[in-house]
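Topology and contacts: notes
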There are 2 protein chains.
Amino acid sequence: MSNPLTEALSRIVGADDGVYRGALERHATLTKPPGSLGRLEALSARLAAVQGTVKPTITNKAVVVFVADHGVTAAGVSAYPKGVTAGMVRNFLAGGAAINALARTAGAELLVVDVGVDANLGSHPGLWSRKIARGTRNMLDGPAMTRTETEAACGVGLEAAQTLAAQGGTLLAGGEMGIGNTTPAAALTAWFTGCAARDVVGRGTGVDDEGLARKIRVVEQALATHQGVADPLDALARLGGLEIAALSGFFIGAAATRTPVVLDGFIATAAALVAVAVEPAVKDYLFASHLSREPGHRVQLEHLGLEPLFDFDLRLGEGTGAVLAFGILEGAAASLSEMATFTEAALQGSLR
Amino acid sequence: MSNPLTEALSRIVGADDGVYRGALERHATLTKPPGSLGRLEALSARLAAVQGTVKPTITNKAVVVFVADHGVTAAGVSAYPKGVTAGMVRNFLAGGAAINALARTAGAELLVVDVGVDANLGSHPGLWSRKIARGTRNMLDGPAMTRTETEAACGVGLEAAQTLAAQGGTLLAGGEMGIGNTTPAAALTAWFTGCAARDVVGRGTGVDDEGLARKIRVVEQALATHQGVADPLDALARLGGLEIAALSGFFIGAAATRTPVVLDGFIATAAALVAVAVEPAVKDYLFASHLSREPGHRVQLEHLGLEPLFDFDLRLGEGTGAVLAFGILEGAAASLSEMATFTEAALQGSLR
C-alpha cells in the first residue's frame, strides 16, 4: 500500500459517540416538541459526531466526479460506446451535464478528475488530469488493474478529499462517470456482499433484456476467473475500475480528515464497500443520499447499514443524487447548531 | 366570498399540459440516458407546466408561517398550553426556531403572518400583523369562525402569495404554527375525505394515549355538531382555524399567480384540501414535500393524488418539511433548463 494511503488509514478514528449522544440531548432542549424533526435529529447528531461538536456547521460544499474507461466494455455490457466517456467529460467542463445544474443549485464546487479516460482531454481549470492508464483491462482476461495502478488511483481520490478538506470543504460528495462501470461495480458488490450476480446486476444506462443477461454472465465469469482474491484492494484491482478505486481513496480521505461525505448511487457505493472493508471506521463518515434504480444499490446500503434519505428512481451517477441531499444535510446541521433552546427563547422549558 | 378572493379564483387556470409533454420530450434529448433522472423528470415537467415554459427557473424562494390560536384548546387537545403560540412567534422573529435555520440554509425568505394570535405581538420587520380575531372559538360550542372572519383570513393568505409573487417569488411554501391546530386539521380532513376521525387524528405535538382518545372524541363530536355544512368555505369556518384559512387563501393566490407552492405537513395539507375543493385547478400548483408522522397526512395526499418526495417522520410544521424540499425542486428545474442536449454537446445524439 502506498505511503499516503497507509498514513491516512492510520489517522482514521470513528466518529465521537459522546458527541452523538450530546447532540441528541441538545435536540431535546430546542424550541420544538421533542423528536418532532424526526430523522433529521439523528442525521444532525451523526454530523455532530463527525465534526466533534454538538453545533455542526456546513459551509463549503464540493462534489468530485472521477472519470475513467473500462476494458470490459469489449464484452458488450453497455448501451453506449466507450467514446461517450470522453464526450461527457467535455460536457462536464462546458457546464452542460446534470451534475453541473445540480451542483450549481446546491451551491457546491464541482471538480472533475480524469483517472483513466481513453482520450486526450487537454487541460481545463475545472479538471484534474491524473490519468493512471487509458482505461482498465477487460476483467474477463485477467485483473482489470495492477496493484500499483489501483493504489495510484486510490491515492488520487485521497488527494482530492484532502485538498478539498484543506480548502475548508465541510461536506463532500463523490460521483463518477465511465461507460461500462456498472459491471465492475456489480462484480465488486457480489464479491463484498456474497450476493449472486443476478441480484446485483441492473440495466445501467439502459441495456435491454438480452444485454442484462449478458451482463449477468460477464459478472459471473469475472467472479469465477478471479476466485483467488487475496484482500479488498486485490478485489478492487481485479474487478474494479480506476474511478472506483479513486472513489475508495476519496472516502478514506474524507474519513481521515473527519469530513462528512455523501454517497451517490451504485458505483459510488461499490467504492464505499471497498473503503469500509479496508477500514471499518470509514463508515461513520458516509451519509447515504438516494436509493438508486439499480437493484444492487439496496444490497450495498443494507450491507453498510445505511438508510437512504429518498428514492427518486435515479440511475445517472455523476454525484447527482448525493448533491440533491446536500440541502437536507445542511438543514439537519443548522437545526442543531442554530435553533434556540426553550431556556434561551424564554419559553416554558418544562412544557411537554 | 370577498372580492379579491373571487377575482383570484376567476383567474386560475390549470397548468399547461402541452408544456408538460414538451418538457418530458426535452428531457429525452438531454445529455444523460433517457429517464435516468427518474422522478426528477416528471417533477421538472410539472414546474415547467406551471411556469408555461420548458425551461423553468427558480430564483427567489419564500416561506410564510401563518400563526393563530384555537378555542378548541379548551378541550385539552394539545400537549402544550395556548400561550406557547405567542412565544413561538417571538422565537420566529428572534431567529431561533427550526424554520429560521431551515429557511436560511435553503436561501429562502421567511415571513411570519399573525392572523389570530391571542396576544399583543407588537411590530417587527419580519411580521405581518393581520389579526382577524384573538383565536377561534371552540368548535364544540359552534362555528370556530364566522364566514366573514374566514374570508378575511383567506384574503390575508391570498395577499401574502400575491405580494411574494409580485416581488419575484418563484417558489413558495406555506407553513403554520398554532397550539391545538392538528385538531381542526383532523376535523377538516375527515370532512373533506370522508374518513373516520380515528383514521386522521394523531398525536400532534405529543399527546399521550389518553390525550389521543380525547382528541378523537373531540373531532367526532365536532363533526356531529356541524352536520349541516353547506360548502367548503362553510366547513372551513365551522371546523377550521384562522391560519388554516389563510393557508387556503395562500394556495389559491399561488395558483392565481402561476407560482409553484410546496405543501408542508398535516395542517398545511388540510388547508390544501379546502383550496382544491373550492377550485380543483389549484392542485396543479401544489407540490408535496414530506410525509408527516401524523397518520392523516397520507390520507390527505392520497386524496389530492400527490406523492411525497421523502419521509423523515417530521411532525413540526412551520413549513420545515416544505423548505427541505426546495433544493430538490430547484435541482429538478435546473436539470431541465440548464442541461445541454446531445446535439448541443456534440455527442452522438442517436446513442441509446
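To keep things clear, this report deals only with the structure shown in the data block. Every value quoted in this text rests on a predicted model; they were computed, and no experiment measured them.

On to the packing of helix α15 (residues 326-338) of chain A against helix α5 (residues 98-106) of chain B. Viewed as axis vectors pointing N to C, α15(A) and α5(B) meet at an angle of 140°, and their least axial separation amounts to 8 Å. Compared by their axis directions, α15(A) and α5(B) come out oblique. Read as a crossing pair, α15(A) and α5(B) show a hand that is right-handed. Contacts from Glu330(A), Gly331(A), Ala334(A), Ser335(A) and Glu338(A) in α15(A) reach Ala101(B), Leu102(B), Arg104(B) and Thr105(B) in α5(B).

A few words on the packing of aromatic side chains. This model, assessed by the stated rule, comprises 8 aromatic pairs over all chains. Relative to Phe312(B), the ring of Phe310(B) lies with its centre 4.4 Å away and its plane at 15°, an arrangement referred to as stacked. The pair formed by Phe310(B) and Phe312(B) is uniform in burial state, with each residue classed as buried. Members of the aromatic cluster, joined through ring pairs, are Phe66(A), Phe250(A) and Phe251(A). Sitting over the face of the ring of Trp128(A), Arg130(A) holds its NZ or CZ atom 4.5 Å from the ring centroid. Sitting over the ring of Phe287(B), Arg46(B) keeps its end group 4.0 Å from the ring centre.

At the junction of the two partners, chain A supplies 49 residues and chain B supplies 49 residues. Carbon and sulfur atoms make up 68% of the surface buried where chain A meets chain B, a total of about 4100 Å² over both sides. For the interface between chain A and chain B, the tally reads 2 salt bridges. Among the elements that make up the side of chain A that touches chain B, the one with the highest residue count is α15(A) (7 residues). Looking at the side of chain A that touches chain B residue by residue, the class counts come to 27 nonpolar, 13 polar and 9 charged.

So, about the side chain of Thr85(A). Residues and elements named next belong to chain A. The topology assignment puts threonine 85 in helix α4 (residues 84-94). The class for threonine 85 is buried, based on a relative accessible area of 0%. The residues touching threonine 85, leaving out its near neighbours within four places in the chain, are Val67, Ala68, Asp69, Val117, Met177, Gly178 and Ile179.

All names here are of chain A. Where helix α2 (residues 17-27) contacts helix α3 (residues 39-51), the axes come no closer than 8 Å and their chain directions differ by 140°. Compared by their axis directions, α2 and α3 come out oblique. Every pair of crossing elements has a handedness; the one defined by α2 and α3 is right-handed. Between α2 and α3, the contacting residues are Val19, Tyr20, Ala23, Leu24 and His27 on the first element and Glu41, Ala42, Ser44, Ala45, Arg46, Ala48 and Ala49 on the second. Class assignment for the residues of the contact of α2 with α3 results in 8 nonpolar, 2 polar and 2 charged.

Before going further, it helps to spend a moment on helix α12 (residues 266-278) of chain A. Residues and elements named next belong to chain A. The end-to-end C-alpha distance of α12 is 19 Å, a good match for the 18 Å that 13 residues give at a rise of 1.5 Å each. The buried count for α12 comes to 11 of 13 residues, which makes it a mostly enclosed element. Taken together, the buried positions of α12 are Phe266, Ile267, Ala268, Thr269, Ala270, Ala271, Ala272, Leu273, Val274, Ala275 and Val276.

It is worth spelling out the environment of Leu188(B) at this point. Residue and element names in this part refer to chain B. With respect to the helices, strands and loops of the structure, leucine 188 is situated in helix α7 (residues 182-193). According to the relative accessible area criterion, leucine 188 is buried, its value standing at 0%. The sequence separation of leucine 188 and leucine 236 amounts to 48 residues, and the corresponding C-alpha distance is 7.0 Å. Contact partners of leucine 188, with chain neighbours within four places excluded, come to Ala235, Leu236, Leu239, Gly240, Ile244 and Val274.

Residues and elements named next belong to chain A. Along its 15 residues, helix α11 (residues 242-256) runs 21 Å from first to last C-alpha, staying within 8% of the 21 Å computed at 1.5 Å per residue. Buried residues dominate α11, accounting for 15 of its 15 residues. A positive phi of about 55° marks arginine 258, the residue just after α11.

Looking now at the sheet that holds strand β5 (residues 261-262) of chain A. Residue and element names in this part refer to chain A. Taken together, the 6 strands give an open sheet; going across it, the order is β3-β2-β1-β4-β5-β6, and neighbouring strands pair in parallel fashion. Of all the strands in the sheet, just β3 (127-129) and β6 (286-287) have a single pairing partner and so form its edges. Bridge count between β5 and β6: 2 bridges; the pairing is parallel. Its bridge partner being in β6, valine 262 is matched across the sheet by phenylalanine 287.

The subject of this paragraph is the sheet that holds strand β4 (residues 169-177) of chain B. All names here are of chain B. Read from one edge of the open sheet, 6 strands run β3-β2-β1-β4-β5-β6, paired in parallel fashion. Pairing within the sheet leaves two strands with one partner each, and these edge strands are β3 (127-129) and β6 (286-287). Bridge count between strand β2 (residues 109-116) and β3: 3 bridges; the pairing is parallel. Each bridged residue has a counterpart across the sheet, and for valine 112 the counterpart in β3 is leucine 127. Helix-sheet contacts for α5 involve β1 (60-68) and β2, and the interaxial angle to β1 is about 165°.

When chain A is fitted to chain B, the residual RMSD is 0.0 Å, and the transformation amounts to a turn of 180° plus an axial shift of 0.0 Å. In the structure described here, the two chain copies are related by an operation that fits a two-fold rotation axis. Of the C-alpha atoms belonging to chain A, the one lying closest to the rotation axis is found on Phe310(A), 2.7 Å away. In this assembly the copies share their binding face: 100% of the residues contributing to the interface of chain A also contribute to that of chain B.

Our next topic: the nonpolar core. If you look at the biggest cluster of nonpolar residues, it comprises 272 residues, and the most contacted ones within it are Phe250(A), Phe251(A), Phe250(B) and Phe251(B). Discounting residues that sit within four places of it in the chain, Phe251(B) has contacts with Val261(B), Leu263(B), Ala268(B), Ala271(B), Ala272(B), Ala275(B), Val282(B) and Leu286(B).

All names here are of chain A. In terms of residue burial, strand β2 (residues 109-116) counts as a mostly covered element, since 6 of its 8 residues are buried. Here strand β1 (residues 60-68) pairs with β2 via 7 bridges, running parallel. Looking at the pairing, valine 63 lines up with leucine 110 of β2.

Below, the discussion takes up the pattern of salt bridges. Residue and element names in this part refer to chain A. In this structure the tally under the stated criterion is 30 salt bridges over all chains. In this structure, lysine 32 engages glutamate 41 in a salt bridge whose closest nitrogen and oxygen atoms are separated by 2.9 Å. Overall, the relative accessible area of 9% leaves glutamate 41 in the buried class. Of the charged contacts, one joins arginine 147 and glutamate 151 as a salt bridge, the two residues approaching to 3.2 Å between their closest N and O atoms. Residue arginine 147 and its partner glutamate 151 are located together in helix α6 (residues 147-166), separated by 4 residues, close to a single helical turn. By relative accessible area, which is 33% here, arginine 147 ends up partly exposed. Residue glutamate 151 is classed as buried on the basis of its relative accessible area of 12%. The network of salt bridges with common partners includes Lys82, Asp118 and Arg134.

Reading the values: rules and limits
- Here the residue numbers are simple positions, counted from 1 along each chain's written sequence.
- Each chain gets a letter, beginning with A, and each ligand a number, beginning with 1, in the order they are written.
- Where totals are concerned, whole chains, interfaces and linings use all residues; where local detail is concerned, this predicted model gives features only for residues with pLDDT of at least 70, and gives and counts side-chain atom pairs only at 80 or more.
- Side-chain figures throughout are based on the complete set of non-hydrogen atoms in the structure, without hydrogens or water.
- To define axes, lines are fitted to C-alpha atoms, for helices over the stretch in contact only, and angles between the resulting N-to-C directions are given on a 0 to 180 degree scale.
- Where helices and strands are cited, they refer to DSSP runs of H or I of at least four residues and of E of at least two residues respectively, numbered from the N terminus.
- Geometric relationships in this document are graded by angle, where less than 35 degrees denotes roughly parallel, more than 145 denotes roughly antiparallel, 65 to 115 denotes roughly perpendicular, and other angles denote oblique.
- A clockwise turn of the near helix away from the far one marks a right-handed crossing, whereas an anticlockwise turn of less than a right angle marks a left-handed crossing.
- Residue contacts are counted whenever heavy atoms from the two residues lie within 4.5 Å of one another.
- When the centres of two rings from Phe, Tyr and Trp lie within 6.5 Å, Trp using its six-membered ring, the rings pair. Their planes under 30 degrees apart give stacked, over 60 give edge-to-face, and anything left gives tilted.
- Type-normalised accessible area, obtained with a 1.4 Å probe on protein chains alone, sets the label of each residue: buried when under 20%, exposed when over 50%, and partly exposed for intermediate values.
- Two conditions define a charge located above a ring, namely a distance within 6 Å from the ring centre to NZ of Lys or CZ of Arg, and an angle within 35 degrees of the ring normal.
- Buried area is a sum: the accessible area each of two parts loses on coming together, probed at 1.4 Å, counted once for each and added.
- We define a salt bridge as a contact between a side-chain nitrogen of Lys or Arg and a carboxyl oxygen of Asp or Glu at a distance within 4 Å.
- Polarity classes work like this: nonpolar for Ala, Val, Leu, Ile, Met, Phe, Trp, Tyr, Cys and Pro, charged for Asp, Glu, Lys and Arg, and polar for all others, with Gly in that last group.
- What a helix is expected to span follows from its residue count: subtract one and scale by 1.5 Å.
- Think of it this way: DSSP has to see at least two bridges between two strands before they count as a pair.
- The copies were overlaid with a least-squares fit restricted to C-alpha atoms from residues scoring a pLDDT of at least 70 in each copy.
- Residue types Ala, Val, Leu, Ile, Met, Phe, Trp, Tyr and Cys, when buried and joined through side-chain atoms within 4.5 Å, form a set referred to as a nonpolar core.

Honestly, that's just the spatial picture; any functional story needs more than this.
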